[in-house]
Amino acid sequence: MGEGPRFMALTPAVNLGPATALTCRECGNSRELGPHYACEECFGPLEISYDFGDVTRASIEAGPRNIWRYRGLLPVPENVADTPNLEPGLTRLVRADHLAESLGLQRLWVKDDSGNPTHSFKDRVVAVALAAARELGFKVLACPSTGNLANAVAAAAARAGIRSAVFVPSNLEAQKIITTAVYGGTFVTVDGNYDDVNRLASEIAGEQEDWAFVNVNVRPYYAEGSKTLGYEIAEQLGWRLPDQIVVPIASGSQLTKIDKAFQEFIRLGLVEDKPYKVFGAQAAGCDPVSAAFKAGHDVVRPVKPDTIAKSLAIGNPADGPYVLDAVRRTGGAVEDVTDEQVVEGIRLLARTEGIFGETAGGVTVGVLKKLVDSGALDPAAETVIINSGDGLKTLDAVAPVVGPSANIAPSLAAFRASGLA
Amino acid sequence: MSSVSVRIPTILRTYTGGEAEVTAEGATLRAVVADLEASYRGISARILDDNGKLRRFVNVYVGDEDVRFADGLDTATPAGAQISIIPAVAGG
């Protein structure tokens, strides 16, 4: 290749804070920051390389009460907080003593990401993708989605005053259709499953050059947003790492980025270096990573999903191999639960902690229980689980099994007769 | 010979002179990739690894079917088939 300046002349310098380059996770090949997501040499995923400046506990604590307090660790411009965005993050880390007691755990926390502006962790990744997409000159914010991302992209684009283009499987939960459509962007339902929609988006991204498909052609930037979950957990625990964490797996990106966040905090000296175990949670009806883990494989064979946990129904998970790496490196495990156990997990979390999680939360609670029961998870070690979304978006999952205690006439006599006093 | 249409991802268009869709010949995916190599020297090594297998992070579709659910490189590519080569690192 040679003559490096040729490319520099074509690509204006981008200002993405501490980000310096894109580096292939597979072969290590590096290139300049830009709208690239797959390695030209081997198709491997590109990761952001950084030159972190002086980031301290104090500098983070002095930042805004949202993910931009970590902007010095993200591929975003220094002034990212000044442009209209949804300001996600700093969701509650809930001490879950009742759930812990019911499962026989000593100390358990729920990172409740249903508290984000569109009620899932996707607001984090979209906020970072939006900031990067603007800097890279894209005009439209787009995505293929299982629902939560659709909400987050449509809302973030509305807030930013730009066009959105969202593609979802047509069999999505009615709640997620409505909570996307209301924001008024371009919104397409596709007769196919998520993997079909994902493929379509990849092909459209190859034609519409000013469309930023957040989880396709700007995925290296987008995915970094999930690191903020890990940063927040460590900061909210009082600048330390938990012993064990259970994370739901769809593409697997969230899990690998939480692990990356913990590693970065260790490297930056923001937390004490200590061992921790990362566990992954899948639904039995879409368990390609769990199956690979159990079989001892380091490649993930795609599956055709069939589960009520639609936000996790990715049969061909892009980061599956890296999930296996992180889980095996830390001494964790990947487990899966049936749809019945998912529903029971949702009800258990709601009943014990007053947190109504979506089906992905049910998967995580179900897997937590299974890991405790099997002995894979140490009940004496401090544990964090992620609730990545809001139960109001997946009402169909629990509608058949919950309801009022009684229906009575509006009289005291009727109440007394009901036997509910 | 059976002629098929192949959709080329952005990162491989340097090999096809910027073309997003090209025509190739071959009765199986393996033969199609070999024919692409004959027309666009170097492209095969981007799609296949050193052992001649599909790279881990490449998805190839013949029509609507992911070839990993079919016969991989031995998947039949009937005349007129639409083949898509897509980076696997997407979604979620």
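Procedures and definitions
Residues numbered from 1 in each chain as written. Chains lettered and ligands numbered in written order. Predicted model: local features only at pLDDT ≥ 70, side-chain atom pairs only at ≥ 80, totals over all residues. Helix = DSSP H or I, 4+ residues; strand = E, 2+ residues; numbered from the N terminus. Buried ≥ 20, exposed ≤ 12 C-beta atoms within 10 Å, placed from the backbone. Contact = placed C-beta atoms within 7 Å. UniProt positions renumbered as here; feature names shortened; annotations may be inferred. pLDDT = per-residue confidence, 0-100. Domains from an automatic or database assignment. Axes fitted to C-alpha atoms, helices over the stretch in contact; angles between N-to-C directions. Parallel < 35°, antiparallel > 145°, perpendicular 65-115°, else oblique. Left-handed = near helix turned anticlockwise from the far one by under 90°. Nonpolar A, V, L, I, M, F, W, Y, C, P; charged D, E, K, R; others polar. Core = buried A, V, L, I, M, F, W, Y, C linked by C-beta atoms within 7 Å. Pairing = 2+ DSSP bridges.

J.: For the overall build of chain A, give the residues involved together with the corresponding values.
T.: The helix and strand tally for chain A stands at 16 helices and 13 strands. Across its three principal directions, the C-alpha atoms of chain A cover 85 × 45 × 45 Å. Residues classed as buried in chain A amount to 56% of the 421 residues present. For chain A, contacts bridging at least 24 residues in sequence account for 69% of all contacts bridging at least 6.

J.: I'd like to hear about the UniProt feature "modified residue: N6-(pyridoxal phosphate)lysine" (unreviewed entry) in chain A, residue by residue, with values.
T.: Residues and elements named next belong to chain A. UniProt marks Lys122 with the feature "modified residue: N6-(pyridoxal phosphate)lysine" (unreviewed entry), using the numbering shown here. Looking at the secondary structure, you find lysine 122 in helix 4 (residues 122-135). With sequence-adjacent residues up to four places away left out, lysine 122 is seen in contact with Asn148, Leu149 and Ala152.

J.: Which residues make up the confidence of the model for chain A, and what values go with them?
T.: Residues at a pLDDT of 70 or more form 97% of chain A, whose mean pLDDT is 95. Confidence drops under pLDDT 50 across residues 1-10 of chain A; counting only partners more than four residues distant or on other chains, this segment forms 1 contact.

J.: Residue-level account of the interface of chain B and chain A, with values.
T.: Taken together, the contact pairs 21 residues of chain B with 25 residues of chain A. Secondary-structure elements contributing two or more residues to the side of chain B that touches chain A are strand 3 (58-62) and strand 5 (82-87) of chain B.

J.: Explain the domain arrangement of chain A to me, and be specific about the residues and the numbers.
T.: By the assigned domains, chain A splits into domain 1 (5-50), domain 2 (93-119 + 226-398) and domain 3 (122-222). A straight line from the C-alpha centre of domain 1 of chain A to that of domain 2 of chain A covers 30 Å.

J.: Could you give an account of helix 11 (residues 288-295) of chain A, naming the residues involved and the relevant values?
T.: Taken together, the buried positions of helix 11 of chain A are Pro288, Val289, Ser290, Ala292 and Phe293 of chain A. Lining the buried residues of helix 11 of chain A we find strand 11 (277-283), helix 12 (320-330) and strand 12 (334-337) of chain A.

J.: Account for the UniProt feature "domain: Tryptophan synthase beta chain-like PALP" (unreviewed entry) in chain A, naming residues and giving values.
T.: In the numbering used here, UniProt assigns the feature "domain: Tryptophan synthase beta chain-like PALP" (unreviewed entry) to residues 88-389 of chain A. Structurally, residues 88-389 of chain A is divided into 45% helix and 16% strand, and its ends, taken at the C-alpha atoms, are 13 Å apart.

J.: Report on the packing of helix 4 of chain A against helix 5 (residues 148-160) of chain A, specifying residues and quantitative values.
T.: When two helices pack together, their arrangement is given by the angle between their axes and by how far apart the axes lie. Residues and elements named next belong to chain A. Look at helix 4 against helix 5: their axes get within 9 Å of each other, and the N-to-C directions meet at 45 degrees. For the element pair helix 4 / helix 5, the angle class is oblique. For the pair helix 4 and helix 5, the sense of crossing is right-handed. Taken together, the residues of helix 5 that come into contact with helix 4 (itself represented by Lys122, Asp123, Val126, Ala127 and Leu130) are Asn148, Leu149, Ala152, Val153, Ala156 and Ala160. In terms of residue class, the contact of helix 4 with helix 5 is built from 8 nonpolar, 1 polar and 2 charged.

J.: Go over the nonpolar core with me, naming the residues and quoting the values.
T.: All names here are of chain A. Residues Ala129, Val153 and Val214 are the most contacted members of the largest nonpolar core, which totals 155 residues. Per-element accounting of this core gives the leading share, 9 residues, to helix 4. When residues no more than four places from it in sequence are discounted, the contact partners of valine 153 are Val126, Leu141, Cys143, Ser164, Val166 and Val214.

J.: Account for the pairing of strand 13 (residues 383-387) of chain A, naming residues and giving values.
T.: Residues and elements named next belong to chain A. Counting buried residues along strand 13, 5 of its 5 residues qualify, which places the element largely inside the surrounding structure. As paired strands, strand 5 (residues 108-112) and strand 13 are joined by 5 bridges and run parallel to one another. Across the sheet, valine 110 pairs through a bridge with isoleucine 385, a residue of strand 13.

J.: Just give me the short version of the sheet that holds strand 2 (residues 30-31) of chain A, but keep the residues and values in it.
T.: All names here are of chain A. Reading across the sheet, the 3 strands line up as 2-1-3 and stay open at both edges, with antiparallel pairing between neighbours. Edge positions in the sheet fall to strand 2 and strand 3 (46-50), since each has one partner strand and no second. Where strand 1 (residues 19-24) and strand 3 come together, 5 bridges link them in antiparallel fashion. Bridge pairing in strand 3 links leucine 22 to isoleucine 48.

J.: I'd like to hear about the sheet that holds strand 3 of chain B, residue by residue, with values.
T.: On the basis of which strands lie adjacent, the open sheet formed by 5 strands has the order 2-1-5-3-4 (chain B) and mixed pairing. Of all the strands in the sheet, just strand 2 (21-25) and strand 4 (65-66) of chain B have a single pairing partner and so form its edges. Where strand 3 of chain B and strand 4 of chain B come together, 2 bridges link them in antiparallel fashion. Along strand 4 of chain B, the bridge assignment pairs valine 62 of chain B with glutamate 65 of chain B. In the packing of helix 7 (residues 194-205) of chain A onto the sheet, the strands contacted are strand 1 (3-7), strand 3 and strand 5 of chain B, and the crossing angle to strand 5 of chain B comes to about 85 degrees. Lying on the sheet, helix 1 (residues 29-39) of chain B is in contact with strand 1, strand 2, strand 3 and strand 5 of chain B; it crosses strand 2 of chain B at an angle near 115 degrees.

J.: Describe helix 12 of chain A, with residues and values.
T.: For helix 12 of chain A, every residue scored as buried is listed here: Gly320, Pro321, Tyr322, Val323, Leu324, Ala326 and Val327 of chain A. At the exit of helix 12 of chain A stands glycine 331 of chain A, carrying a positive phi of roughly 85 degrees.

J.: Can you explain the confidence of the model for chain B? Please cite residues and give values.
T.: Residue and element names in this part refer to chain B. Per-residue confidence for chain B averages 95 on the pLDDT scale, and 99% of its residues sit at or above 70. Here strand 4 stands out as the element of chain B with the lowest mean pLDDT, 91, in contrast to helix 1, whose mean of 98 is the highest. In the predicted assembly, ipTM is 0.92 and pTM is 0.94.

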